[in-house]
Amino acid sequence: MSEYKVVFHIDEIGKWKLLLANVSNLLNAIEDKKFRIEVLANAEAVKYYDTTQDLDTDISTMEVLKDKGIEFVACNNALTANHIEKHNMLHFINIVPAGVLELVEKQSEGYAYIKP
Amino acid sequence: MSEYKVVFHIDEIGKWKLLLANVSNLLNAIEDKKFRIEVLANAEAVKYYDTTQDLDTDISTMEVLKDKGIEFVACNNALTANHIEKHNMLHFINIVPAGVLELVEKQSEGYAYIKP
Amino acid sequence: MSEYKVVFHIDEIGKWKLLLANVSNLLNAIEDKKFRIEVLANAEAVKYYDTTQDLDTDISTMEVLKDKGIEFVACNNALTANHIEKHNMLHFINIVPAGVLELVEKQSEGYAYIKP
C-alpha cells in the first residue's frame, strides 16, 4: 500500500485506553510508510478531550501521537450535547460539524474503518 | 459525493438511543443531498422492533426517520432466535434472511459502515 | 458477487458467542459461493484462543468453522500484552504482528468489516 488511511471511531469513554494502544500499535507496524490516521470521537467519548473533566485523560500519549501526525477530531453535535466549552478542550483537537458524516466521507475516500 | 450510502449496524439493545441520534445527525448534516441510509439490526437488537416488548421504543423518532427515507431492517435469523412474531413488529421494518450477509453486500456496493 | 470477503473484528471476550453465531449465519447464507472470511482477534479477545484459560471456549464450533475455511487470527501485540504462551493456543490459530494493521490491509483488499 502506498499510503495507509484509517479512521478510528470511538463513542464510549471507557474505550479510550484501548483505542490509544491500537493507534500506537498501528504506527509501530507501518514503520516509515506514509499514513493518514484520524481518531473521530462522538457521543460521550468527546468528554475525554475536556481538560476540566476528571477523566484521567492520557494527554502525554495523545501528544506523542499528535506529534507523529495522528489527527484527533471531535463531533460538534457531541460537544453541544455534552455541554463542553471549546476553550476547555485540549488545544490540538479538530472539530467537525457532524462526526457520522465525517465517518462516511473518510470511508468514501478509501479510509479503513476500525471501531475498538 | 453524489450520493451518501451508509449502513448502520446495531446488535445491542442499549445502543438504540445513540443510533437514532446518529442517524438524525447524519440526515441534518447531509442537508438536501441524495442518500441511501439503512439501519441493520441483528442479534438482540431486533427486539426493539417488537411492539409487544416493553422496551420504550422511540417509535415517533423512527417514524420521522422512516418518512425521510431511512430503511429499518431486521435479520431473520435474529427474529427466529428471539422468538419474535412478525405480526407484532413495527409495520415499516424490512426483513432480510441474514443480517451479516446484508452488511457484506452493502459494503460491496460502496456503503460506509458505522457501528455506534 | 463473485467472492465474499469479510473480516470480523473482535476485541472483547464477551462477544465470542455472538461472533461465532454471526460467522455461522454468514456461511449458511452464502451457500456454495466462494469466500474468504477471517476472524481477527486483538486486545483481551485473544485469551479465548488460550486453552489454559477457563473461558468455556466453544472449540467444537470453531473447529467446524475452521474446517469450512474460516481463518482465525490473533494479534501478536495482544498475545504479548496478555502473557499468552503460543504453545498453549488452539493449534489452528494464525498470528499476525499487529491486528490493527491486518484490519487496514484486509479492508484495502476489498474485505467488508463487521464488528459484532
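In what follows, the structure referred to is the one given above.
Here is a short report on the structure shown in this document.

## Let's talk about the overall build of chain A
Secondary structure assignment for chain A yields four helices and five strands. Secondary structure elements of chain A occur, N-terminal to C-terminal, as β-α-β-α-β-α-β-α-β. Rg of the C-alpha trace for chain A: 14 Å, near the compact-globule value of 13 Å for 116 residues, within the 12% margin. Seen along its three principal axes, the alpha-carbon backbone of chain A occupies a region of about 40 × 30 × 20 Å. When the 116 residues of chain A are sorted by exposure, 53% land in the buried category. Counted over contacts in chain A with a minimum sequence separation of 6, partners at least 24 positions apart contribute 71%. Surface summary for chain A: the accessible area is close to 5,200 Å², and the carbon and sulfur share equals 44%. Here chain A contributes 12 positive and 18 negative side-chain charges, whose respective centroids are spaced 5 Å apart.

## Comments concerning the nonpolar core
Note that soluble globular proteins tend to have their nonpolar side chains buried in a common cluster. The biggest cluster of nonpolar side chains holds 132 residues, and the ones touching the most others in it are Trp16(A), Phe72(A), Trp16(B), Phe72(B), Trp16(C) and Phe72(C). Residues contacting Phe72(B), with those up to four places away along its chain left out, are Trp16(B), Leu20(B), Val39(B), Tyr49(B), Met62(B), Leu65(B), Lys66(B), Phe92(B), Ile93(B) and Asn94(B).

## A closer look at the interface of chain A and chain C
Counting from both sides, the interface comprises 16 residues of chain A and, opposite them, 16 residues of chain C. Together, the buried faces of chain A and chain C total about 1,200 Å²; carbon and sulfur atoms form 69% of this surface. On the chain A side of the interface with chain C, the three residues burying the most area are Met1(A), Asn25(A) and Ile114(A), jointly 29% of the side's total. For the pair chain A and chain C, the number of links is one salt bridge. A salt bridge links Glu12(C) to Lys15(A); the nearest nitrogen and oxygen atoms lie 3.9 Å apart. Seen at the junction of chain A and chain C, the total is four residue pairs in polar contact (both at pLDDT 80 or more). Residue assignment for the side of chain A that touches chain C shows that the elements contributing at least two residues are β1 (3-10), α1 (16-30) and β5 (112-114) of chain A. For the side of chain A that touches chain C, the leading source of residues is α1(A), giving six residues. Considering only residue class, the side of chain A that touches chain C consists of twelve nonpolar, two polar and two charged.

## Focus: the relation of the copies chain A and chain B
Rotating chain A by 120° and moving it 0.0 Å along the rotation axis overlays it on chain B with an RMSD of 0.0 Å. Expressed as a symmetry operation, the mapping of one chain copy onto the other fits a three-fold axis. Little of the interface of chain A is mirrored in chain B, where only 12% of its interface residues again form contacts.

## Side note on the sheet that holds strand β1 (residues 3-10) of chain B
Spatial strand order, β4-β3-β2-β1-β5 (chain B): five strands in an open sheet with parallel pairing. Edge positions in the open sheet fall to β4 (94-96) and β5 (112-114) of chain B, since each of these has one partner strand only. On average, each strand axis in the sheet is inclined to that of its neighbour by 30°, with strand direction left out of account. Of the pairings in the sheet, the one linking β1(B) to β5(B) comprises three bridges and is parallel in character. Following the sheet pairing, Val7(B) is matched in β5(B) by Tyr113(B). Relative to β5(B), helix α4 (residues 99-108) of chain A is tilted by about 140°, and along the sheet it contacts β1 and β5 of chain B.

About the cut-offs
- Counting restarts for each chain, with residues numbered from 1 along the sequence as it is written.
- Written order decides the labels, with chains lettered from A and ligands numbered from 1.
- In keeping with the model being predicted, local features are shown solely for residues with a pLDDT of at least 70 and side-chain atom pairs are shown and tallied solely at 80 or more, while totals for entire chains, interfaces and linings include all residues.
- Here the side-chain values reflect all heavy atoms present in the structure, with hydrogen atoms and water set aside.
- Only DSSP runs of H or I covering at least 4 residues are called helices, and only runs of E covering at least 2 are called strands; the numbering of each starts at the N terminus.
- Radius of gyration means the value over C-alpha atoms here, while the globule rule gives 2.2 Å times the residue count to the 0.38 power.
- Exposure is judged per residue with a 1.4 Å probe applied to protein chains only, and the accessible area is read against the type maximum: over 50% gives exposed, under 20% gives buried, and values in between give partly exposed.
- For this analysis, residues touch if any pair of their heavy atoms sits within 4.5 Å.
- Note on areas: these come from Shrake-Rupley sampling with a 1.4 Å probe, and a residue is covered only by the protein chains present in the view.
- Positive charges are assigned to Lys and Arg, negative charges to Asp and Glu, while His and the chain termini are left out of the count.
- Note that the charge is assigned to NZ on lysines, CZ on arginines, CG on aspartates and CD on glutamates.
- Side-chain atoms within 4.5 Å are what join buried Ala, Val, Leu, Ile, Met, Phe, Trp, Tyr and Cys residues into a set we call a nonpolar core.
- As used here, buried area is the combined drop in accessible area, with a 1.4 Å probe, of two parts when they are placed together.
- When a carboxyl oxygen of Asp or Glu is within 4 Å of a side-chain nitrogen of Lys or Arg, the pair counts as a salt bridge.
- Two N or O atoms count as a polar contact when they lie within 3.5 Å, although within protein this holds only if one can serve as hydrogen donor and the other as acceptor, and sequence-adjacent residues are included solely when both atoms are side-chain atoms.
- Note on residue categories: nonpolar means Ala, Val, Leu, Ile, Met, Phe, Trp, Tyr, Cys or Pro, charged means Asp, Glu, Lys or Arg, and polar means any other residue, Gly included.
- Superposition of the copies used a least-squares fit over C-alpha atoms from residues whose pLDDT is at least 70 in both.
- The rule for pairing is simple: two strands pair if DSSP sees at least two bridges between them.
- Whenever a helix is involved, its axis is fitted only over the stretch in contact; in every case the axis is a line through C-alpha atoms, and angles between N-to-C directions fall within 0 to 180 degrees.

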